[in-house]
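Understanding the architecture of this molecule
Here's the letter readout for the chains.
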Amino acid sequence: MIFLSQPEVRAATLFTRLPDAFRQPDKNNAWAQANRGGQPVDSFLEGPVWHPEGCLYLTDIPYGRIFKVDMQGNWELIVQYEGEPNGMKLISADTLLITDYRHGLMKLSLNDRTVRPWLARRNSESFRGVNDLTPDSQGNIYFTDQGQTGLHDPTGRVYRLSPAGKLDLLLDNCPSPNGLVLSPDEKILYVAMTRGNSVWRCPLQPDGSVSKVSQFFTSYGPSGPDGLTINADGELLIANPGLGRIWHLNELAEPIEILTSPAGRSTTNLCYGGDDLRQLYITESVSGSILTCSMATPGNPYAVPSARVTR
């Protein structure tokens, strides 16, 4: 890549690590066998979500756990169930929607700490393995169906689920669709294609379809873009595992800032938080760490659909 200006490089800092009490690796864990080369793992953190009450929620894929982390770095296990939760978003003050690789979309009630199915299948066909999601201000949920797709099998999918339960297939030719986020005006959907080592730009038409989808950003290295977020100015931020970096892009997809990890190269996902949404929180999944970095521009405050999401 050639840039007209050199991006600023900053190091994120370690906020907190998963306590040892929650680190009990199982050598027979099925997720680790398939996704980590069979090596024992004690966790794989993902899906960070900022809650306005002043805390983070995040998932642990291989052990089906949802954790709460307060701003003093204290961890609390909210629920553990037989699943593989990945991406997660707050859809009301007491409800988290989860993309679960094994079960589809799941809903977690924070009030009673129960997890129940939300959308398990499409027309009686199971998903390949849903990965991440993002809501819009109208209550639609966009989510990726990644499975084990990649350049060898570019058949991953991107869906939109309406508040009324209508499921639209937007893309079905994706090499490992992963994180996704909407532009502040909700006219552009960005989708990370991890094995394609890129981020796609998907203009949303007035009828809800996509057209003239293009490759917005190209990365490199042993893995590709994973989690995405966006700030109030519409600048995209990309968690890039394999490199241990966060790309902060301008509107031309040029890196204006690169954040580096002090805790390992598996920077998988990220979210804005803090009272003014100027604090970035990043999961470093292999080490079981949460990293943080202060940002000049706040994150884009998405509208919570709450009552419009009633399924």
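Everything numeric in this text was worked out from a predicted model, so none of it was measured.

**Re the packing of aromatic side chains**
Using the criterion set out here, one finds 11 aromatic pairs in the structure. Each member of the aromatic cluster is reached from another via a ring pair, and the members are Phe15, Trp50 and Tyr281.

**Observations concerning the nonpolar core**
Tyr190, Phe217, Leu228, Leu236, Ile238 and Leu249 are the most contacted members of the largest nonpolar core, which totals 16 residues. Counting only elements with at least two residues in this core, the list comes to β18 (188–193), β20 (214–218), β21 (228–230), β22 (236–240) and β23 (245–249). Tallying contributions element by element places β18 first for this core, with three residues. Dropping the residues within four chain positions of it, Tyr190 is found in contact with Gly179, Leu180, Val181, Ser183, Val199, Trp200, Arg201, Phe216, Leu228, Ile230 and Leu236. Residues Cys55, Ile66, Ile78 and Ile98 belong to the second largest nonpolar core, which totals 14 residues.

**What to know about the sheet that holds strand β14 (residues 141–145)**
In a beta sheet, neighbouring strands are held together by backbone hydrogen bonds and run either parallel or antiparallel to one another. A sheet is described by the order of its strands in space; here four strands give the open sequence β13-β14-β15-β16, paired in antiparallel fashion. Both edges of this open sheet fall to β13 (130–135) and β16 (167–174), since each of them pairs with a single strand only. Sheet twist, expressed as the mean angle between neighbouring strand axes with direction ignored, is 20 degrees. By the bridge criterion, four bridges tie β13 to β14 in an arrangement that is antiparallel.

**Observations regarding the sheet that holds strand β4 (residues 55–60)**
Across the sheet, which stays open at both edges, the four strands sit in the order β3-β4-β5-β6 with antiparallel pairing between neighbours. Looking at which strands have only one partner, the edges of the open sheet turn out to be β3 (45–51) and β6 (75–80). Taken pair by pair, the neighbouring strands of this sheet meet at an average axis angle of 25 degrees, ignoring direction. The pairing of strand β5 (residues 65–70) with β6 spans five bridges and is classified as antiparallel. Opposite Lys68, over in β6, you have Glu76 as the bridge partner.

**Notes on the environment of Ala263**
As for its position among the elements, Ala263 is in the loop between β24 (255–260) and β25 (267–273). Judged by its relative accessible area of 25%, Ala263 falls in the partly exposed class. For the pair formed by Ala263 and Trp200, sequence separation is 63 residues and the distance between their alpha carbons is 28 Å. In this structure Ala263 touches Glu284, Ser287, Ser289 and Leu291, once residues within four positions along its chain are discounted.

**Thoughts on the state of the cysteines**
Applying the stated rule across the entire model yields zero disulfides. Of the cysteine sulfurs around Cys55, a residue in no disulfide, the closest is that of Cys271, at 11 Å.

**Brief notes about unusual backbone geometry**
Unlike most non-glycine residues, Asn123 shows phi in positive territory, near 50 degrees. Mapped onto the secondary structure, Asn123 falls in the loop between β11 (121–122) and β12 (125–126).

**Section: the pattern of salt bridges**
Under the defined criterion, the tally for this structure stands at 10 salt bridges. Among the ionic pairs, Arg23 bridges to Asp42, the shortest N-O distance being 3.2 Å. With a gap of 19 residues between them, Arg23 in the loop between β2 (13–17) and α1 (30–35) and Asp42 in the loop between α1 and β3 connect regions that are remote in the sequence. Looking at Arg23, the relative accessible area reads 14%, which means it is buried. On the accessibility criterion, Asp42 (18% relative accessible area) is buried. The salt bridge partner of Arg113 is Glu76, with a shortest N-O separation of 2.7 Å. One end of the pair, Arg113, is in the loop between β9 (104–109) and β10 (114–119); the other, Glu76, is in strand β6, and 37 residues separate them in sequence. Residue classification places Glu76 among the partly exposed residues on the basis of a relative accessible area of 32%. A single network of salt bridges, built from pairs that share partners, joins Arg160, Lys166 and Asp168.

Conventions used here
- Residues numbered from 1 in each chain as written.
- Predicted model: local features only at pLDDT ≥ 70, side-chain atom pairs only at ≥ 80, totals over all residues.
- Heavy atoms only, no water.
- Phe/Tyr/Trp six-rings, centres within 6.5 Å; stacked < 30°, edge-to-face > 60°.
- Core = buried A, V, L, I, M, F, W, Y, C linked by side-chain atoms within 4.5 Å.
- Buried < 20%, exposed > 50% of the residue type's maximum accessible area, 1.4 Å probe, protein only.
- Helix = DSSP H or I, 4+ residues; strand = E, 2+ residues; numbered from the N terminus.
- Contact = heavy atoms within 4.5 Å.
- Pairing = 2+ DSSP bridges.
- Axes fitted to C-alpha atoms, helices over the stretch in contact; angles between N-to-C directions.
- Disulfide = S-S within 2.5 Å.
- Salt bridge = Lys/Arg side-chain N within 4 Å of Asp/Glu carboxyl O.

On their own, these measurements won't tell you what the molecule is for.
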